[in-house]
Structures are given as structure tokens and as C-alpha cells.
Amino acid sequence: MDADVGQQQEPKVDLRSVFARDQLDLAFKSIGKEAGFFIPHLRPGMDLLDCGCGPGSITIGLAELLSPGSVVGIDVSELQIERARTLALEKSVENVDFYDATAYSLPFEDDTFDAAFVHTVLQHLREPQLAIREIHRVLKPGGVIGVRDSDWSGHIRGPSNQVLDAAWELYTRFHAQRGRHPYAGRNLRAFLREGGFVNVHGTASSEYSGDTDSVQATAQVMALLFRSSDFVKPVLEMEWIDLAGINEIVQAWKEWGENPDAFYAFTNCEAVGWKQ
Ligand SMILES: C[S@@+](CC[C@H](N)C(=O)[O-])C[C@H]1O[C@@H](n2cnc3c(N)ncnc32)[C@H](O)[C@@H]1O
């Protein structure tokens with residue numbers, strides 16, 4: 001049965017039945033869109049580190065691009081590393097390796113890589129500058145870094161909906177309360193400069209959902225986000241919202257996904273810098 005929070009009548013339920021999935025599926029990502037800002041700075045033969053690689057779809061795309069160079073993806077999630085290794089096997093990409101490691105303490109010698117890529121990771125870190133400094137350590141002099149993160153103030157959605165407005169505010173507050181950085185996007189240039197990089201420049205690109213398929217996909221992802229255990233369990237425990245409120249949000253996303261006028265867009269901020 002699709003675990004629908006709306007089917008829970010009262011709060012004292014086994015929360016395991018409430019959560020549909022704990023991990024959103026990020027495996028659809030690819031380099032064209034996500035790494036487009038960074039590709040002009042890459043060339044075949046470079047060795048690259050993808051820090052916080054997730055399920056590896058971008059990492060593998062970068063490995064194909066940089067062959068005969070080699071690409072390494074690291075992530076703190078063993079599950080993601082397993083998925084990434086499986087994907088590389090399925091795609092028969094051999095110049096890529098994946099390791100379970102934290103960005104704060106990379107298992108590599110100083111001056112190892114020509115390039116580093118960090119995609120939608122810094123917003124999740126308590127101390128993004130420390131991770132950037134560690135990446136700076138493992139880059140060779142002259143090495144280049146590309147980082148990309150959305151800025152949560154740059155999400156727009158139509159038509160107006162007070163439940164979804166309040167939900168986004170709640171989600172942003174929750175993220176910040178966990179010591180993370182919903183507004184990382186606007187600070188990427190600062191993160192790189194503080195981490196030791198020079199000639200740092202920033203760009204931005206938009207993503208949008210403006211037709212039936214993309215709107216429904218966004219609605220689905222958002223509904224999953226608002227029913228994921230990582231969010232639901234703590235906000236219920238902190239009594240920021242009750243189960244009925246969670247259900248109302250999930251239902252509002254579903255209804256938004258069916259609305260023929262629905263539109264969603266958000267801004268990704270990007271920055272590139274070099275190690276001297
Ligand atoms: C939103 S996902 C992005 C994954 C991938 N970069 C992509 O864009 O498809 C964020 C990833 O950062 C990883 N992560 C979080 N904290 C980390 C840390 N301290 N070191 C390395 N990876 C981390 C998470 O496990 C997750 O896979």
C-alpha cells in the first residue's frame with residue numbers, strides 16, 4: 001500500500017508506516033544541466049573529485065567526459081556509494097571509483113586532483129567552509145573547483161497557495177535549525193574565497209516545471225520530501241506541526257500537481273575558483 005499520511009487517524013501511529021521513502025531519487029541527474037557551468041573549465045585527461053556524489057549519475061557523466069582521466073566520487077552515505085558503483089557497472093564506465101568518506105576529511109594526499117565538483121552538497125553541511133578548505137588541500141596548484149547549490153529564497157511557485165507557502169517556510173526553518181544552509185547559493189563565492197580559492201566568479205541558472213509531466217514530477221518529489229522520515233520525525237517531535245498538518249501539506253502538493261496552471265521555478269547559484 002502506498003503509505004499515505006492521510007490514512008493515519010491519530011498521531012500515535014507507527015511512524016514507519018507513514019514514510020513513503022527516505023531517499024529522494026536523484027539518479028536522473030546528468031552533467032549537461034547540472035555541470036554545464038563547469039564543463040568549459042574541464043578537458044579530457046583531468047583527474048576529478050566529485051565530493052558528495054550521491055547516486056553517481058553526474059560523477060559517471062564526468063568520467064565519460066574526462067576519459068582517459070579518472071574520476072572519484074565520495075559520499076558519507078554507504079547506500080549512495082553502493083548505488084553509484086552499481087550504476088558505473090551497468091554503464092560499463094571504468095575510469096570511475098567511489099568511496100565512502102566525508103568531505104571534512106578526504107582520504108587523499110595533498111595535490112591529488114586537477115578538478116573538484118561539489119553539487120548541491122554545501123547547503124547540507126554544517127561547516128561548508130571546512131569542506132571547501134579540505135577540497136583545496138587535495139587539489140593540485142592550478143586546480144579548479146566548481147560548486148552549485150540552490151538558494152531557497154529563490155523558489156517560486158504558482159498559483160498562490162497558503163498551505164504550500166507555510167510548508168516551504170517550515171522546511172527552510174527546519175533545515176536552518178539543523179545547522180544547514182538553505183541560503184548557501186548566495187554565499188558560494190564567499191565559501192570558495194574563504195576556503196583559499198582565487199579568481200572566484202559566480203553564475204546562476206534556473207530550473208523550472210511548466211508542463212504536465214514536469215509539474216507532476218515536482219509535485220511527487222515535494223510530496224516525498226514532506227513525508228520523508230528525516231523531516232517528519234523531528235518536526236513532529238519538536239511539535240512544530242502535527243500529523244494532520246503534514247497530511248495537509250502532502251495533499252496540497254498532490255492537488256498542485258494536478259493543477260493545469262501550476263508552475264515552479266528556482267535558481268541554482270554556481271561558482272568556480274582556482275587553487276594558486
Ligand atoms: C542533494 S545530494 C547531491 C548528490 C549529488 N551531488 C547530486 O547532485 O546528484 C547531497 C549529498 O551530499 C552527501 N553528503 C552530506 N554530507 C556529506 C559530507 N559531510 N561529506 C560527503 N558527502 C556528504 C549526502 O549523502 C548526499 O548524497
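Basis of the calculations
- Residues numbered from 1 in each chain as written.
- Predicted model: local features only at pLDDT ≥ 70, side-chain atom pairs only at ≥ 80, totals over all residues.
- Heavy atoms only, no water.
- Salt bridge = Lys/Arg side-chain N within 4 Å of Asp/Glu carboxyl O.
- Helix = DSSP H or I, 4+ residues; strand = E, 2+ residues; numbered from the N terminus.
- Buried < 20%, exposed > 50% of the residue type's maximum accessible area, 1.4 Å probe, protein only.
- Phe/Tyr/Trp six-rings, centres within 6.5 Å; stacked < 30°, edge-to-face > 60°.
- Lys NZ or Arg CZ within 6 Å of the ring centre and 35° of its normal.
- Pairing = 2+ DSSP bridges.
- Axes fitted to C-alpha atoms, helices over the stretch in contact; angles between N-to-C directions.
- Expected span 1.5 Å × (residues − 1).
- Contact = heavy atoms within 4.5 Å.
- Polar contact = N/O pair within 3.5 Å; in protein donor to acceptor, adjacent residues only side chain to side chain.
- pLDDT = per-residue confidence, 0-100.
- Right-handed = clockwise from strand over helix to strand, strands pointing away.
- Disulfide = S-S within 2.5 Å.
- Core = buried A, V, L, I, M, F, W, Y, C linked by side-chain atoms within 4.5 Å.

Taken as a whole and assessed by the stated rule, the structure comprises 12 salt bridges. Across the salt bridge formed by Lys33 and Glu207, the nearest N and O atoms sit 3.6 Å from each other. Here Lys33 is found in helix α1 (residues 31-34), whereas its partner Glu207 is found in strand β6 (residues 198-209), with 174 residues between them in sequence. The class for Lys33 is partly exposed, based on a relative accessible area of 49%. Here Arg186 and Asp151 are joined by a salt bridge, their closest N and O atoms 2.9 Å apart.

Now for the packing of aromatic side chains. Scanning all chains against the criterion turns up 18 aromatic pairs. Within the aromatic cluster, the residues linked to one another by ring pairs are Trp152, Trp168, Tyr171, Phe174, Phe226, Phe231, Trp253, Trp256, Tyr264 and Phe266. Stacked on the ring of Trp240, the Lys or Arg Arg173 has its end atom at 4.2 Å from the ring centre.

Across the sheet, 7 strands lie side by side as β3-β2-β1-β4-β5-β7-β6; this open sheet has mixed pairing. Edge positions in the sheet fall to β3 (96-100) and β6, since each has one partner strand and no second. On average, each strand axis in the sheet is inclined to that of its neighbour by 20 degrees, with strand direction left out of account. As judged from the 5 bridges shared by strand β2 (residues 71-75) and β3, these two strands associate in the parallel manner. Pairing of Gly73 across the sheet is with Phe98, part of β3.

Helix length check: helix α7 (residues 212-225) (14 residues) gives 20 Å between terminal C-alpha atoms against 20 Å at 1.5 Å per residue, within 8%. All buried positions along α7 are accounted for by Val215, Thr218, Ala219, Met222, Ala223, Leu224 and Leu225. Residues of α7 that are buried make contact with α5 (162-177), β6, α8 (229-237), α9 (243-258) and β7 (263-274).

Turning to α5, a few remarks are in order. Along its 16 residues, α5 runs 22 Å from first to last C-alpha, staying within 8% of the 22 Å computed at 1.5 Å per residue. Among the residues making up α5, those that are buried are Leu164, Ala167, Trp168, Leu170, Tyr171, Thr172, Phe174 and His175. Turning to α5, the residues buried within the fold contact β5 (139-158), α7, α8, α9 and β7. Two to three positions downstream of the cap, the backbone nitrogen of Val163 sits 2.9 Å from a side-chain oxygen, assigning the N-cap of α5 to Asn161. Following α5 by one or two positions, Gly179 has its phi on the positive side, about 80 degrees.

Time to look at the confidence of the model for the protein chain. Per-residue confidence for the protein chain averages 89 on the pLDDT scale, and 89% of its residues sit at or above 70. Of the regions scoring below 50 in pLDDT, residues 1-28 engages in 51 contacts with residues more than four places distant in sequence or in other chains.

With that settled, consider the side chain of Ser150. Relative to the assigned elements, Ser150 resides in strand β5. Setting aside residues up to four positions removed in sequence, Ser150 forms contacts with Gln123, His155, Pro182, Gly185, Phe266, Thr267, Asn268 and Cys269.

Another point: the pairing of strand β1 (residues 48-51). Neither face of β1 is exposed, since Leu48 and Asp50 on one face and Leu49 and Cys51 on the opposite face are all buried. Alignment of β1 against β2, held across 4 bridges, turns out to be parallel. Counterpart to Cys51 in the pairing with β2 is Ile74. Taken together, β1, helix α2 (residues 57-66) and β2 form a β-α-β motif whose crossover is right-handed. Pairing geometry for β1 and strand β4 (residues 113-119), over 3 bridges, is parallel. Bridge pairing in β4 places Leu48 opposite Ala115.

As a further point, take the state of the cysteines. Under the criterion given, the structure shown has 0 disulfides. The cysteine Cys51 is free of any disulfide, with Cys53 supplying the nearest cysteine sulfur at 8.6 Å.

A word on the side chain of Thr59. Relative to the helices and strands, Thr59 is located in helix α2. For Thr59, the side chain forms a polar contact with the side chain of Asp50, separated by 2.7 Å.

Our focus in this paragraph is the nonpolar core. Among the nonpolar cores identified, the biggest contains 29 residues, and Leu49, Ile145 and Val147 are the most heavily contacted of them. Breaking this core down by element, the ones donating at least two residues are β1, β2, β4, α4 (128-138), β5, α6 (188-194) and β7. When residues in this core are grouped by element, the largest group, 4 residues, is from α4. The contacts of Ile145, once residues within four sequence positions are left out, are Phe38, Ala116, Val118, Ile132, Ile135, Leu139, Leu192, Phe197, Ala271, Val272 and Gly273. Residues Val235, Ile249, Ala252 and Trp253 belong to the second largest nonpolar core, which totals 26 residues.

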